[in-house]
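Structural overview for review
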Amino acid sequence: MVNEGKSFVADVLIDNGIIQKIGTLTNESADSIIDGKGKFLLPGVIDGQVHFRDPGLTHKADLYSESKAAVAGGVTSFIDMPNTRPNVLSMDILEDKYRLAGEKSLANFGFFLGVNDDNIDEVIQLDTTGLLAVSDDGLYFTKKGNLLADNPATLEKLFAHCKSIIAIHSEIEQLIEANEELYRDKWGENIPAWCHPLIRSEQACYEATERAIRLAKQYGARLHILHLTTEAETHLFRNDIPLQEKKITTEVSVHHLWFSDKDYDRLGMLIKWNPAIKTQKDKDGLLQALIDDRIDLITTDHAPHTLEEKLQPYFQSMSGAPMVQHSLNVMLEFYKQGKISLEKIVEKMCHNPAILYHIEKRGFIREGYYADLVLVNMQADWTVSKENILYKCGWSPLEGTNFSTQVTHTLVNGHLVYEEGVFHEEQRGMPLKVNG
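A brief report on the enclosed structure follows. Every value quoted in this text rests on a predicted model; they were computed, and no experiment measured them.

Before going further, it helps to spend a moment on the packing of aromatic side chains. Scanning all chains against the criterion turns up 13 aromatic pairs. Aromatic side chains F364 and Y369 sit 6.3 Å apart centroid to centroid with 80° between the ring planes, which places their arrangement in the edge-to-face category. Just as F364 is buried, Y369 falls in that class too. Centroid distance W382 to F403: 5.7 Å. Interplanar angle 45°. Geometry classified as tilted. Within this pair, whereas W382 is found in strand β16 (residues 382-383), its partner F403 is found in strand β17 (residues 402-403), the two being separated by 21 residues in sequence. The same class applies to W382 and to F403, which are both buried. An aromatic cluster is present here, built from W258, F334, W382 and F403 joined pairwise through their rings.

Here's what the structure looks like:
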């Protein structure tokens, strides 16, 4: 068992979806027993940023298909972004999305309320303390000008009045648009994929993040920067206080740890994400900041598109790719390479999302907590292929990648949803509850 900074051998007794006892339980009886000998038991992964595309964009993905892929990868809970159709810009739409997930999702689920210039007056009138967060992420795809980092006046208004976590996509669109024109002049409409991190540049990220942090400090706001991508930005964050005391936090997505700009020649638009995958120096700096606690969470920014939507010229190719089925495997490869400890992986993927978003009774293997658990075989070689990809879009930028660890069992609320490639779909996940 890997939990709360320790690794040790133990048994877990589960009843009615809740962990009842942890220890050496030789005298306990049970209706069923899972033999985990030789395997590693982790808390279920909480993915703090996904785009499951439901409702409105379900030709790419939906809450059923992507939650199924998630649990196969050890993800037992997810938080979905507001750029579905319609955008989640009201409490009514948010509540509709929770109802839909209750019908379809195999994993536990939570959603951010979207915020932009169109609804900010309504948002700051709400009691948002019961929400996971408010966010602008993905809304810039709907129309230009929706990035809060681009609108200091809007950001200040939100910081001054909103008491919940404010989670933002941190890039300056004006700088990106100027770069687009420079590269369009050189390449026309067929800009090579390797230009993407030069267009969505370090400068565009750093200036946006620095300004957002400065304004958040001015107002004492609770700011979370989504999907950090540059080594330079990592130095803007603290690691001298515990997460519970931080008012400004951040995360890294697994693809920014796994890929670098060297991979654009091989994978092209398949790894076109916003913000962009950048240099080896950035990749190494992000991992170091994760280890030394300047970065608080690991997420996926799981953002599926069809292959047809991806394999387009630069300006038409959609940004984003699917990752939720393979995020734990990616991080465990880093462990096998000696780059990060198992305890740190569990802290960043399981414990810290629960702490940061105040999620009730999840993220830890504790008596009285929901039994969201993942069993991993640490000596299991396999290759990502179309035959074992579960995303509705049917592809992954990791196709052909060899992994040496495999999730064998996933329990959600004590229910064994995934067992050695077989799904038991009798139960649906639960909404994530905010504690306090």
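So, on to helix α2 (residues 91-104). The end-to-end C-alpha distance of α2 is 20 Å, a good match for the 20 Å that 14 residues give at a rise of 1.5 Å each. Among the residues making up α2, those that are buried are L94, K97 and A101. Seen along its axis, α2 keeps its buried residues to an arc of 60°; they face one direction. Among the exposed residues of α2, those oriented more than 90 degrees off its buried face are D92 and E103.

Before going further, it helps to spend a moment on the sheet that holds strand β6 (residues 45-50). Ordered by their spatial adjacency, three strands build an open sheet running β6-β7-β8, and the pairing between neighbours is parallel. The outermost strands of the open sheet, each flanked by one partner alone, are β6 and β8 (108-111). Along the sheet, successive strands turn relative to each other by an average axial angle of 20°, direction set aside. Sheet analysis places β6 next to strand β7 (residues 75-80), joined by four bridges and oriented parallel. The partner of D47 across the bridge, within β7, is F78. Lying on the sheet, α2 is in contact with β7 and β8; it crosses β8 at an angle near 165°.

Each packed pair of helices is defined by two parameters, the angle between the axes and the distance between the axes. In contact at an axis separation of 9 Å, helix α13 (residues 327-336) and helix α14 (residues 342-356) are set at 150° when each is read in the N-to-C sense. Regarding the angle of α13 to α14, the classification is roughly antiparallel. The element α13 and its partner α14 pack so that their crossing is right-handed. Contacts between α13 and α14 pair S327, L328, M331, L332 and Y335 from the former with L342, I345 and M349 from the latter. Considered class by class, the residues forming the contact of α13 with α14 number seven nonpolar, one polar and no charged.

In this structure, H255 sits in helix α9 (residues 254-258). What makes H255 buried here is its relative accessible area of 0%. The contacts of H255, once residues within four sequence positions are left out, are W273, I277, T300, D301 and M323.

How each quantity is defined
Residues numbered from 1 in each chain as written. Predicted model: local features only at pLDDT ≥ 70, side-chain atom pairs only at ≥ 80, totals over all residues. Heavy atoms only, no water. Phe/Tyr/Trp six-rings, centres within 6.5 Å; stacked < 30°, edge-to-face > 60°. Buried < 20%, exposed > 50% of the residue type's maximum accessible area, 1.4 Å probe, protein only. Helix = DSSP H or I, 4+ residues; strand = E, 2+ residues; numbered from the N terminus. Expected span 1.5 Å × (residues − 1). Arc of directions from axis to C-beta. Pairing = 2+ DSSP bridges. Axes fitted to C-alpha atoms, helices over the stretch in contact; angles between N-to-C directions. Contact = heavy atoms within 4.5 Å. Parallel < 35°, antiparallel > 145°, perpendicular 65-115°, else oblique. Left-handed = near helix turned anticlockwise from the far one by under 90°. Nonpolar A, V, L, I, M, F, W, Y, C, P; charged D, E, K, R; others polar.

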